[in-house]
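# Coordinate inspection notes
Chain residues, written in single-letter form:
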Amino acid sequence: MYNDLMKTFTEQSEQFFSPAIKFNQLVAKNIEQLAQIQLDATENFTKTSVEQLKTASEVKDVKSFIDFNASQLTAMNKLSQQMIDDGQKLTQLGNEFKEHLEAISKDSVKATAKA
């Protein structure tokens, strides 16, 4: 009898805490992915900036100045495209979070309805 009572208590506890555990795992996964997106963006911006500084330090005449200005335009286009890509990644991350959260909610409602 005591074993049955403990088994029932354990099962009910698992059902009760399962949505919170899944939610915490989902949040941790999203924070990790968001941090990775931010780290990648920072790395790309830093690399581009350092490259442009090196190119600027090599300006010695009119031709190299014109080449430097052209490289500035290329760098700006590269950074703009990176921002667009990062925005798309963030949108996808938000949509996936929403879908997983809805799934957790539906599972929680189903489990509650069964009990």
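Structure report, in brief. (Residues numbered from 1 in each chain as written. Predicted model: local features only at pLDDT ≥ 70, side-chain atom pairs only at ≥ 80, totals over all residues. Heavy atoms only, no water.)

For the rest of this paragraph, the subject is the overall build of the protein chain. Within the protein chain, the secondary structure is distributed over two helices and zero strands. Computed over its C-alpha atoms, the radius of gyration of the protein chain comes to 26 Å, more than 25% above the 13 Å expected for a compact globule of 115 residues. Contacts in the protein chain between residues at least 24 apart in sequence constitute 74% of all its contacts with a sequence separation of at least 6. Here the protein chain displays about 9300 Å² of accessible surface, and carbon together with sulfur accounts for 62% of that area. (Helix = DSSP H or I, 4+ residues; strand = E, 2+ residues; numbered from the N terminus. Rg over C-alpha atoms; globule rule 2.2 N^0.38 Å. Contact = heavy atoms within 4.5 Å. Areas by Shrake-Rupley, 256 points an atom, 1.4 Å probe, with all protein chains shown as cover.)

Compared with the 82 Å implied by 1.5 Å per residue over 56 residues, the 79 Å span of helix H1 (residues 2–57) between its first and last C-alpha is a close match. Along H1, the largest kink reaches about 40° and is centred on Phe 17; proline Pro 19 follows within four residues of it. Taken as a whole, H1 has its buried residues at Leu 26, Asn 30, Ile 37, Thr 48 and Gln 52. Contacts from the buried residues of H1 go to helix H2 (62–114). (Expected span 1.5 Å × (residues − 1). Bend = angle between axes of the 7 residues up to and from the residue. Buried < 20%, exposed > 50% of the residue type's maximum accessible area, 1.4 Å probe, protein only.)

Another point: the side chain of Ser 64. Take Ser 64: it is sitting in helix H2. Not counting the four nearest positions on each side in its chain, Ser 64 is found in contact with Glu 58 and Val 59.

Here we come to the pattern of salt bridges. What the rule picks out here adds up to three salt bridges. Across the pair Glu 43 and Lys 47 runs a salt bridge, and its minimum N-O distance is 3.3 Å. One end of the pair, Glu 43, and the other, Lys 47, are both in helix H1, four residues apart, so they sit about a helical turn from each other. Linking Lys 63 and Asp 67 is a salt bridge whose minimum nitrogen-to-oxygen distance equals 3.1 Å. You can see Lys 63 and its partner Asp 67 sitting in helix H2, four residues apart, about one turn around the helix. Assessed through its relative accessible area of 39%, Asp 67 is described here as partly exposed. (Salt bridge = Lys/Arg side-chain N within 4 Å of Asp/Glu carboxyl O.)

Next up on the list: the packing of H1 against H2. Their axes nearest at 11 Å, the elements H1 and H2 cross at an angle of 180°. When the axes of H1 and H2 are compared, the pair comes out roughly antiparallel. (Axes fitted to C-alpha atoms, helices over the stretch in contact; angles between N-to-C directions. Parallel < 35°, antiparallel > 145°, perpendicular 65-115°, else oblique.)

Counting through the fold element by element, Gly 94 comes out in helix H2. Note on Gly 94: relative accessible area 37%, which makes it partly exposed. Counting along the chain gives 30 residues from Gly 94 to Ser 64, while the straight-line C-alpha distance between them is 44 Å.

A few words on the side chain of Asp 86. The residue Asp 86 is located in helix H2 in this model. Despite its burial, Asp 86 pairs with no opposite charge, the nearest such side chain being Lys 89 at 4.2 Å. Those residues in contact with Asp 86 that sit more than four places away from it in its chain are Ile 37 and Ala 41. (Lys, Arg positive; Asp, Glu negative; His and termini not counted.)

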